[in-house]
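# Descriptive structure summary
What follows is each chain in one-letter form.
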Amino acid sequence: MSNEISGAAPTQTLYQREGAYIPRVAAVHDLCGYGKCSLGVAIPVLSAAGCDVCPVPTGLFSSHTAFPGWYMHDTTNILTDYLDAWKNIGVQIDAIYSGFLGAPEQVDRIRDLYSMYPKALRVVDPVMADHGKVYPTYSPELCAAMAELAEGADILTPNLTEAAIILDRPIGDAWAGENISDDDAHELVEALLGKGTKTVVLKGIQRGDGLIRNFVGSQDGAFFEVNNELLPYMLHGTGDLYCSCLLAAVMAGQPLDEAVRFAGDFVHDAMIVSSKQPQFQDRGVSFEPLLGKVCNLLK
């Protein structure tokens, strides 16, 4: 169960769904063979919300990086030709949703997409760090490029560590996702908005009181909190699932506050489903039995 805690929630609708039209979303993420995350999450969730998902694969992984011996193939060298081919056949895109990137040059390809589709909604999930640590494939150059990309987002969904990187603040134990006050969260959100982001969802704040908090702020001055029960385990891919569900609700025409509530509730419920699977803490978040809830967004 989620609750709005402080401030007035913005009720603006970021995407106007029109009739029977099926919107197209360019999903700029890696493809992971085993361990539910990235395109393996974005494609089914957004498809269930009635979107045509057009993948732009930033890398190919044998498994997510929590497994030993994972293999990665960097797709940077193919992306210019890949997107030029879209341009040549007149592909139309309504939203550009980026997540994990494999190299700094891939930020330039996302900017190419922004130039190709200037009216498309820009959603940036700056997947690069968590719990005070940068992911092993991320160089300082890639983190800096991701921080620049965040400045042009219509929706930005960092965790606490990623917010610190974007704002060029030292990371470590202080940015591990716990025990920051409402005032500190407000300050971080305002600082991110000050860099040009239109809407910020600061994810995953924990205070040891059995709740996990997401703080939301927008350029119109709104600031509010939505929380959920904090479950006693962590799962790979929940960040990807959260942002995919948030965008699914937005593309279904839901207002921002409802979209944030939906995403938090869906991830909470998917984590419970996951806990009933064998080796669930390795395989990632399982959400398939819940996809009907995403379909219901269109009703």
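Structural data are supplied above this passage.
As a starting point, this report considers the structure included with it. (Residues numbered from 1 in each chain as written. Predicted model: local features only at pLDDT ≥ 70, side-chain atom pairs only at ≥ 80, totals over all residues. Heavy atoms only, no water.)

### Things to note about the packing of aromatic side chains
In the structure shown here, the tally under the stated rule is eight aromatic pairs. Seen in terms of ring centroids, F61 and W70 are 5.7 Å apart; in terms of plane orientation they differ by 40°. Their pairing is tilted. According to the relative accessible area criterion, F61 is buried, its value standing at 8%. Measuring from ring centre to ring centre gives 5.4 Å for F61 and F100, while their planes differ by 80°; the resulting arrangement is edge-to-face. Taken together, the positions of F61 in strand β3 (residues 52-63) and F100 in the loop between β5 (95-98) and α3 (105-116) put the pair 39 residues apart, joining distant regions of the chain. An aromatic cluster is present here, built from F61, W70, F100 and Y138 joined pairwise through their rings. Here the basic side chain of R122 rests over the ring of Y114, its NZ or CZ set 4.0 Å away from the ring centre. (Phe/Tyr/Trp six-rings, centres within 6.5 Å; stacked < 30°, edge-to-face > 60°. Buried < 20%, exposed > 50% of the residue type's maximum accessible area, 1.4 Å probe, protein only. Helix = DSSP H or I, 4+ residues; strand = E, 2+ residues; numbered from the N terminus. Lys NZ or Arg CZ within 6 Å of the ring centre and 35° of its normal.)

### Quick word on the layout of surface pockets
Approximately 1000 Å³ is the volume found for the largest pocket. Contributing to the lining of the largest pocket are 44 residues, with D130, Y135, L235, T238 and G239 lying nearest its centre. Breaking the lining of the largest pocket down by element, the ones donating at least two residues are β2 (24-34), β3, α5 (160-166), β10 (199-206), β11 (211-218), β12 (223-229), α7 (238-251) and α8 (256-275). Split into classes, the residues belonging to the lining of the largest pocket amount to 19 nonpolar, 18 polar and seven charged. (1 Å grid on protein atoms, 1.4 Å probe; cavity = no way out; pocket = protein on both sides within 12 Å on 5 of 7 lines; lining within 4 Å. Points joined across faces, edges and corners; volume = space filled by probe spheres on them. Nonpolar A, V, L, I, M, F, W, Y, C, P; charged D, E, K, R; others polar.)

### Observations concerning the pairing of β10
Within β10, seven of the eight residues are buried, leaving the element largely enclosed by the surrounding structure. With two bridges joining them, strand β9 (residues 155-156) and β10 adopt parallel strand pairing. The partner of I155 across the bridge, within β10, is T199. As judged from the six bridges shared by β10 and β11, these two strands associate in the antiparallel manner. Bridge pairing in β11 places L202 opposite F215. Count of turn residues in the β10/β11 antiparallel hairpin: four residues, of which G208 carries a positive phi of about 75°. (Pairing = 2+ DSSP bridges.)

### So, α7
Working note: α-helix, 3.6 residues per turn, so residues spaced by three or four point in the same direction. Relative to the 20 Å expected for 14 residues at 1.5 Å per residue, α7 spans 20 Å between its end C-alpha atoms, a close match to the ideal helical length. The positive-phi residue at the C-terminal boundary of α7 is G253, with phi of around 90°. (Expected span 1.5 Å × (residues − 1).)

### Some points on the pairing of strand β6 (residues 121-124)
Note: β5 against β6, four bridges, orientation parallel. From the neighbouring strand, I96 faces β6, where its bridge partner is R122. Assessed by its sense of winding, the connection that carries the chain from β5 through α3 to β6 is right-handed. In this structure, β6 lies alongside β9, joined through two bridges in parallel fashion. Across the sheet, V123 pairs through a bridge with I155, a residue of β9. (Right-handed = clockwise from strand over helix to strand, strands pointing away.)

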